[in-house]
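Each chain, letter by letter, is given below.
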Amino acid sequence: MKRRSVSFVAVLTYTWLQIMLFGGLVAETLLVYPNVFADIPRSFEATMEFMQVTDPGLLFPPFGAATILVGLIALVLVWRTRAVRYLLASSLAAFGLGNALFSVLFAWPRNVIMFEEGAQVHSVSYLEQIAQEFVLGHWVRLVASLITAILAGAGFLTLSRRRLTAG
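Residues numbered from 1 in each chain as written. Predicted model: local features only at pLDDT ≥ 70, side-chain atom pairs only at ≥ 80, totals over all residues. Heavy atoms only, no water.

**Student:** For this particular structure, what's the right way to read the overall build of the chain?
**Tutor:** Of regular secondary structure, the chain possesses five helices and zero strands. When the helices and strands of the chain are placed in sequence order, the string is α-α-α-α-α. In terms of principal-axis extent, the alpha carbons of the chain reach across some 65 × 25 × 20 Å. In the chain, the proportion of contacts linking residues at least 24 apart, taken out of those at least 6 apart, comes to 80%. Total accessible area on the chain is roughly 9,600 Å²; 69% of this is exposed by carbon and sulfur atoms. (Helix = DSSP H or I, 4+ residues; strand = E, 2+ residues; numbered from the N terminus. Contact = heavy atoms within 4.5 Å. Areas by Shrake-Rupley, 256 points an atom, 1.4 Å probe, with all protein chains shown as cover.)

Next comes the structure, spelled out in structure tokens:
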């Protein structure tokens with residue numbers, strides 16, 4: 001397989017993964033979070049009871065790490081194509097800062113407070129405050145994910161256009 005084809009597949013895969021991650025966050029926002037934050041702390045307890053087998057915390061970290069790895073491979077493969085390189089590098093930076101780092105530093109500590117420590121350790125008013133912070137922060141993560149997917153898509157379209165015009 002030629003390098004151009006491998007580059008194309010890598011950028012396509014990275015873009016697809018970013019769109020999937022964004023879609024997953026949208027689904028989580030619209031379908032899961034209204035239930036999780038409906039009646040604090042009872043809704044936290046119901047969430048923990050429901051999510052016994054799997055939960056978003058088991059899916060998103062490894063999926064995100066794999067996406068970063070694919071994105072880095074794609075970036076290396078298109079390094080000589082400046083416009084695509086800048087779009088993919090910007091996408092990876094937005095993802096790294098707006099999703100990965102933001103999740104680790106902001107969301108995960110709040111998840112511990114809400115779901116592991118819960119009402120046994122904290123007052124209901126404190127849990128409500130933490131939940132409100134989490135939801136507001138989640139919107140930052142959602143916007144960062146949208147920007148990340150758009151930049152990845154723009155990189156893919158730029159690469160596709162160059163492939164078509166190069167013959």
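From this point, the discussion proceeds with the structure in view.
**Student:** What should I look at first to understand unusual backbone geometry in this one?
**Tutor:** Comment: phi is negative for the bulk of residues other than glycine, and the bulk of peptide bonds are trans. Here the bond from isoleucine 40 into proline 41 is cis, since omega is 5°, no more than 30 degrees from zero. Here proline 41 lies in the loop between helix 1 (3-36) and helix 2 (42-50).

**Student:** Just to check I follow, could you spell out the packing of helix 1 against helix 3 (residues 56-77) for this structure?
**Tutor:** The geometry of helix 1 relative to helix 3 is characterised by a closest axis approach of 9 Å and an angle of 155° between their N-to-C directions. Classified by the angle their axes make, helix 1 and helix 3 are roughly antiparallel. Like other packed secondary-structure pairs, helix 1 and helix 3 cross with a definite hand, here left-handed. Among the residues making up the contact of helix 1 with helix 3, the classes are represented as 15 nonpolar, seven polar and two charged. (Axes fitted to C-alpha atoms, helices over the stretch in contact; angles between N-to-C directions. Parallel < 35°, antiparallel > 145°, perpendicular 65-115°, else oblique. Left-handed = near helix turned anticlockwise from the far one by under 90°. Nonpolar A, V, L, I, M, F, W, Y, C, P; charged D, E, K, R; others polar.)

**Student:** Even after reading the chapter, I still don't get the pattern of salt bridges, so can you show me in this structure?
**Tutor:** Pairing of side chains with opposite charge becomes possible as their charged atoms draw close. Applying the stated criterion across every chain, the model contains two salt bridges. Its salt-bridge partner being aspartate 39, residue arginine 42 comes within 3.0 Å of it at the nearest N-O pair. On the basis of relative accessible area, arginine 42 is assigned to the exposed category, the value being 54%. (Salt bridge = Lys/Arg side-chain N within 4 Å of Asp/Glu carboxyl O. Buried < 20%, exposed > 50% of the residue type's maximum accessible area, 1.4 Å probe, protein only.)

**Student:** Looking at this model, I keep getting lost on the packing of aromatic side chains. Mind explaining?
**Tutor:** Describing an aromatic ring pair means giving the distance of the ring centres and the angle of the ring planes. In total, this model carries seven aromatic pairs according to the counting rule given. Residues tyrosine 33 and phenylalanine 37 carry aromatic rings whose centres are separated by 5.5 Å and whose planes lie at 75° to one another, so their mutual orientation is edge-to-face. On the accessibility criterion, phenylalanine 37 (17% relative accessible area) is buried. Site record: aromatic cluster; members linked through ring pairs are Tyr33, Phe37, Phe44, Phe115 and Phe134. Of note, arginine 85 hangs over the ring of tyrosine 86, and the distance from its end group to the ring centre comes to 5.1 Å. (Phe/Tyr/Trp six-rings, centres within 6.5 Å; stacked < 30°, edge-to-face > 60°. Lys NZ or Arg CZ within 6 Å of the ring centre and 35° of its normal.)

**Student:** Would you mind showing me how to read the side chain of asparagine 99 here?
**Tutor:** Among the structural elements, asparagine 99 can be located in helix 4 (residues 82-121). The exposure class of asparagine 99 is buried, given its relative accessible area of 6%. Sequence-distant contacts of asparagine 99, that is, excluding residues within four places in its chain, are made with Leu25, Ala94, Arg141, Ala144, Ser145 and Thr148.

**Student:** For this particular structure, what's the right way to read a nonpolar patch on the surface?
**Tutor:** Taken together, the side chains of Leu97, Leu101, Val104, Leu105 and Trp108 make up a nonpolar region of the molecular surface, amounting to roughly 500 Å² of accessible area. When you line up the elements, leucine 105 lands in helix 4. (Patch = residues over 30% accessible without salt bridge, like charges linked within 9 Å, V, L, I, M, F, W, Y side chains within 5 Å.)

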